[in-house]
Structures are given as C-alpha cells and as structure tokens.
Amino acid sequence: MNKMKLWMLAAVLLCGAGSITSCHNSDNSNEQIAEIADECRPGDCEDAIRMYLTDSIAPQYAPGEVAIPCIQVVELDDSNPDSVLVWGDFWVFNYNVASDTLKTVSGGAHPGMMTIQHIEGTGYSVTGFDQVGDGSNYLPSAKRIFGDKFDAFQAIYSNAEKREEFRATQIADYVKAHELAVKYYQDYGWPAREIPSLK
C-alpha cells in the first residue's frame, strides 16, 4: 500500500514536489512510463481540489471578484490511483480587489474527505466530498469521516495561527499566478495583512 501522511504542509503540494515514480522492479521501461502516467502527478490533486472549492463551494457564499481556497491536508491515500482519498481542513474565501488590497467578502470551512479520480479527457476531478456536519453534527461526523485521523484533524482545525500562515501563503501563490497588483489582504474589522511573498 502506498499511503502517505502529510502533516501540516507549509504549502499545498498534495502530491509531492517531484514526480511520483513506480517502485516495482521491471525491465520494461514502457510499462513503467505507462504506470507513472496513470498516477496522480504533481499538481493534479491540488488543481482538482482548488477547482472544486472555487467552482462548487465558493458560490454558496456572497460573491466576490476572486475566490481563493485554503487547504490543509491531514492525510492523503493514493494506494488506489483510480480513487485518491484526501482528508483535510478545506476553506474558501471570496475577495474583492480594492486598490492594493484583497478585501474578504465571505467564506468558510468545509473539512472532510475528498475523492479524486481521473476522468478521461478532463484530467483529475473531485468526484465525492464527505463533509463534516455543523452544530451538534460536527463531532460525530468528524469522528466518522476522519476515524483514526481525528486527533490529527483536530490539531490542525483548532490551530487558527497556523491556518492563517497557510492562508497567507496560498493567497501569495494565487496573486503571483494571476498577476494581481495587490500587496495586502484584509478581513472585515481587522487590520490589513501583508501578503508574505510580496515583502
């Protein structure tokens, strides 16, 4: 079983920083290349989760000009490359651009487990999302979904300071990728924060 535990990632690289390679012994290099091509490549899982949060979750909130997810992984299981499982604390924030600042409009947390599959012709997509419930359903649903990973999830979910570090890093990645002319982000009622990589 190829099962990786990814604890408190400093950036959202769900499938690792380098290419994933086959570990079995074979003299047939074409077979190895074909097997590698079928596995989750760097960025595939990341892109699938970001797209799902942006396209399916962000519209549930008051709209903004841009939507930027914040993803913290508890565990990733790619033992079945046709159905990659990712447990995590998933957030999404909608922002408006005001001069050099991203101003938070809306957003929220959606922890749970995502199933990611390769869809022929479209690449990797989230095909299932088992979310933790709200209110009195929170604890029983979180324990059911995370199972033996519950304590690790709680450690991540309850650490607002660490989550803010992840959020700032992921905002910086988004700003760079989309060439936005902003230097700060700001939640309502709080002072603006400098986007870290733009310092």
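Here's what I pulled together on the structure shown here. (Residues numbered from 1 in each chain as written. Predicted model: local features only at pLDDT ≥ 70, side-chain atom pairs only at ≥ 80, totals over all residues. Heavy atoms only, no water.)

**Focus: the nonpolar core**
Phase 1: Counting 19 residues, the largest nonpolar core has Ile49, Leu53, Val86, Phe90, Met114 and Ile116 as its most contacted members.
Phase 2: Among the elements that line this core, the one with the most residues is helix H2 (residues 44–57), at five residues.
Phase 3: Apart from residues no more than four positions distant in its own chain, isoleucine 116 is found in contact with Cys45, Ala48, Ile49, Asp82, Ser83, Val84, Val86, Tyr124, Ser125 and Val126.
Phase 4: Membership of the second largest hydrophobic core comes to 16 residues, among which are Val66, Cys70, Val182 and Tyr185. (Core = buried A, V, L, I, M, F, W, Y, C linked by side-chain atoms within 4.5 Å. Buried < 20%, exposed > 50% of the residue type's maximum accessible area, 1.4 Å probe, protein only. Helix = DSSP H or I, 4+ residues; strand = E, 2+ residues; numbered from the N terminus. Contact = heavy atoms within 4.5 Å.)

**Structural notes on the packing of aromatic side chains**
Phase 1: The full count for this structure, using the stated rule, is eight aromatic pairs.
Phase 2: Arranged with centres 6.3 Å apart and planes meeting at 35°, the rings of phenylalanine 93 and tyrosine 95 form a pair that is tilted. The burial state of phenylalanine 93 is the same as that of tyrosine 95; both residues are buried.
Phase 3: Aromatic side chains phenylalanine 153 and tyrosine 157 sit 5.2 Å apart centroid to centroid with 35° between the ring planes, which places their arrangement in the tilted category. Here tyrosine 157 and phenylalanine 153 lie together in helix H4 (residues 150–157), a separation of four residues that amounts to about one turn.
Phase 4: Overall, the relative accessible area of 28% leaves tyrosine 157 in the partly exposed class.
Phase 5: An aromatic cluster is defined as three or more aromatic residues linked by ring pairs; in this entry it consists of Tyr138, Phe146, Phe150, Phe153 and Tyr157.
Phase 6: Sitting above the plane of the phenylalanine 150 ring, lysine 143 keeps its charged end 5.8 Å from the centroid.
Phase 7: Between the NZ or CZ atom of lysine 149 and the centre of the ring of tryptophan 87, over which it lies, the distance is 4.1 Å. (Phe/Tyr/Trp six-rings, centres within 6.5 Å; stacked < 30°, edge-to-face > 60°. Lys NZ or Arg CZ within 6 Å of the ring centre and 35° of its normal.)

**Things to note about unusual backbone geometry**
Phase 1: Its identity as a non-glycine residue notwithstanding, serine 99 has a phi of 60°, on the positive side.
Phase 2: Looking at the element boundaries, serine 99 is found in the loop between strand S3 (84–98) and strand S4 (101–109).
Phase 3: A relative accessible area of 69% means that serine 99 is categorised as exposed.
Phase 4: One non-glycine residue, glutamate 179, lies in positive phi territory at about 50°.
Phase 5: Inspection of the secondary structure puts glutamate 179 in the loop between helix H5 (160–178) and strand S7 (184–186).

**What to know about the packing of helix H3 (residues 138–146) against H4**
Phase 1: Following both chains from N to C, one finds H3 and H4 inclined at 125°, their axes separated by 9 Å at the closest point. What the angle tells us is that H3 and H4 run oblique. When H3 is examined against H4, the residues Tyr138, Leu139, Ala142, Lys143 and Phe146 are found in contact with a partner set consisting of Phe150, Phe153, Gln154 and Tyr157.
Phase 2: Residues that form the contact of H3 with H4 fall into these classes: seven nonpolar, one polar and one charged. (Axes fitted to C-alpha atoms, helices over the stretch in contact; angles between N-to-C directions. Parallel < 35°, antiparallel > 145°, perpendicular 65-115°, else oblique. Nonpolar A, V, L, I, M, F, W, Y, C, P; charged D, E, K, R; others polar.)

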